[in-house]
Amino acid sequence: MLHAAPIRTSRRGLVAGLAVVLLIGCVATVFGQFVPVLGGPVCGIVLGLAAGVAVPRLRSHHLDGGYEVCSKQVLQASVVVLGTGLSLRQVAQVGSSSLPVMLASLSVALGGAALIGRWLRVGRDVRTLIGVGTGICGASAIAASTAVMRPKKADAAYALGTIFVFNVIGVLTFPAIGHLLGMTGESFGLWAGTAINDTSSVVAAAYGFGDGAGDHAIVVKLTRSLMIIPITIVLAYLTARRAASSSPGGPSTVRIPLRQVVPWFLVGFVVAAAVNSIGVIPTGWHRGLSRIGTFGITLALTAIGLSMRPAQLRRTGLRPLLLGAILSVLVASTSLAMQALTGTL
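As a convention, each chain's residues are numbered from 1 in the sequence order in which they are written. Where local features are concerned, this predicted model is filtered to residues with pLDDT of at least 70; where side-chain atom pairs are given and counted, the filter is 80 or more; whole-chain, interface and lining totals use all residues. To obtain the side-chain values, all non-hydrogen atoms of the structure were used and water was disregarded.

S.K.: Before we move on, could you go through the overall build of the chain and cite the residues and values that matter?
M.R.: The way it works is that DSSP assigns letters per residue, a run of H or I at least four long becomes a helix, a run of E at least two long becomes a strand, and they are numbered from the N terminus. Secondary structure summary: the chain contains 17 helices and 0 strands in total. Exposure classes here rest on a 1.4 Å probe applied to the protein chains alone. A residue is buried below 20% of its type maximum, exposed above 50%, and partly exposed in between. The buried share of the chain, reckoned over its 345 residues, is 49%. When contacts within the chain are restricted to residue pairs at least 6 apart in sequence, long-range pairs at least 24 apart make up 81% of them. Residue exposure ignores everything except the shown protein chains as possible cover, and the areas themselves are Shrake-Rupley values with a 1.4 Å probe. As presented, the chain carries roughly 16000 Å² of accessible surface, and 68% of it is formed by carbon and sulfur atoms. Residues count as neighbours in contact if any of their non-hydrogen atoms are within 4.5 Å of one another.

Next up, the structure:
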């Protein structure tokens, strides 16, 4: 009987935390539908942070259990669900001329994040997340990376905020620049698909450009999203390696479990994409599954926002935002240069 009360309190806190996240996550999803450029996930982390500031009791340790479940298990499960919207066949559909552009843009984003981020004295996790978000697919890539890296919540929030800023800038400026350069619908679709981050922003910019750019941009963007697989595996390995290095005897004496290098949710992501590739998942289900996956990501980021403190963001400073600006320009320029070199511009 002496142990019953703490258990009940813990369970009550878990349920209460989940309820808070669900409520705010639903509000964020509605906001995201009215403002697609923002999207539910970004609204979730902003509203979560704002709610925590406005109502300090929402940051009580009593609710941490529910927040932890959403920011970890729900996040990982949502990444798996998002895999159902991808098709391994689309890699071939994009064509050999598009892959060099895609790989070059990704290399510039990741390499630039490491080198320029270190030069700007941006923290390792922040610069890695900004690089992954810029190079692959914005919030989804940051979410997948967060699941294996376990960065500070403020680091993930700052990376998401940075990506969001340049998503909006991309939507507003890319169509005008594309017309100024006399780009075709296909070349603009390739540019938008490789240089703008979140899928919703790619769609907004490409369909805003017109000339059939939207359909091509979506295929390029979804193919680019598959890069989550190798990048997340590498990040999982490096994270496990660093953890092993801090143990007695160093990394040479520690065996890194395979599950840490290839986490379950990434295996599920690949299986989901493979199942979708062979046509097992009906086309009519894709929209619903995408919404479920995005809603899960929104809940996870809402939980992260609720757990944060504004002081953590203030300490980060403006350097990550500068890094995001530099990377965005470099990736957009690289995509255009590669198209010129390969004759697709």
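S.K.: Report on the packing of helix α7 (residues 139-149) against helix α8 (residues 153-180), specifying residues and quantitative values.
M.R.: Here, axes are lines fitted to C-alpha atoms. For helices the fit covers the stretch in contact, and angles between N-to-C directions go from 0 to 180 degrees. It is at 10 Å that the axes of α7 and α8 come closest, and there the two elements cross at 165 degrees. Relative to α8, the element α7 is oriented roughly antiparallel. Viewed along their axes, α7 and α8 form a crossing whose handedness is right-handed. Contact with α7, carried on its side by Ala 139, Ile 142 and Thr 146, involves Ala 156, Ala 159, Leu 160 and Ile 163 of α8 and no other residues of that element. Classification convention: Asp, Glu, Lys, Arg as charged; Ala, Val, Leu, Ile, Met, Phe, Trp, Tyr, Cys, Pro as nonpolar; all other residues, Gly among them, as polar. Broken down by class, the residue content of the contact of α7 with α8 amounts to 6 nonpolar, 1 polar and no charged. For this classification, under 35 degrees means roughly parallel, over 145 means roughly antiparallel, 65 to 115 means roughly perpendicular, and everything else is oblique. By definition, any crossing whose near helix is turned counterclockwise from its far helix by less than a right angle is left-handed, and any crossing with a clockwise turn is right-handed.

S.K.: Can you lay out the environment of Phe 164 for me, pointing to particular residues and giving the numbers?
M.R.: Looking at the secondary structure, you find Phe 164 in helix α8. Its relative accessible area of 22% is what places Phe 164 among the partly exposed residues. For the pair Phe 164 and Ser 201, spaced 37 residues apart in sequence, the C-alpha separation works out to 9.4 Å.

S.K.: Pulling in residues and values, what's your account of the nonpolar core?
M.R.: Membership of the largest hydrophobic core comes to 48 residues, with the highest contact counts inside it found for Ile 45, Ile 136, Ile 228, Phe 265 and Leu 323. Here the element with the most residues in this core is α7; it accounts for 8 residues. Filtering out sequence-adjacent residues up to four positions away, Leu 323 remains in contact with Gly 112, Ala 113, Ile 116, Gly 117, Leu 120, Val 122, Arg 127 and Ile 130. Side-chain atoms within 4.5 Å link the members of a nonpolar core, which is a set of buried Ala, Val, Leu, Ile, Met, Phe, Trp, Tyr and Cys residues. Ala 109, Trp 191, Ile 196 and Phe 209 belong to the second-largest nonpolar core, a separate cluster that totals 17 residues.

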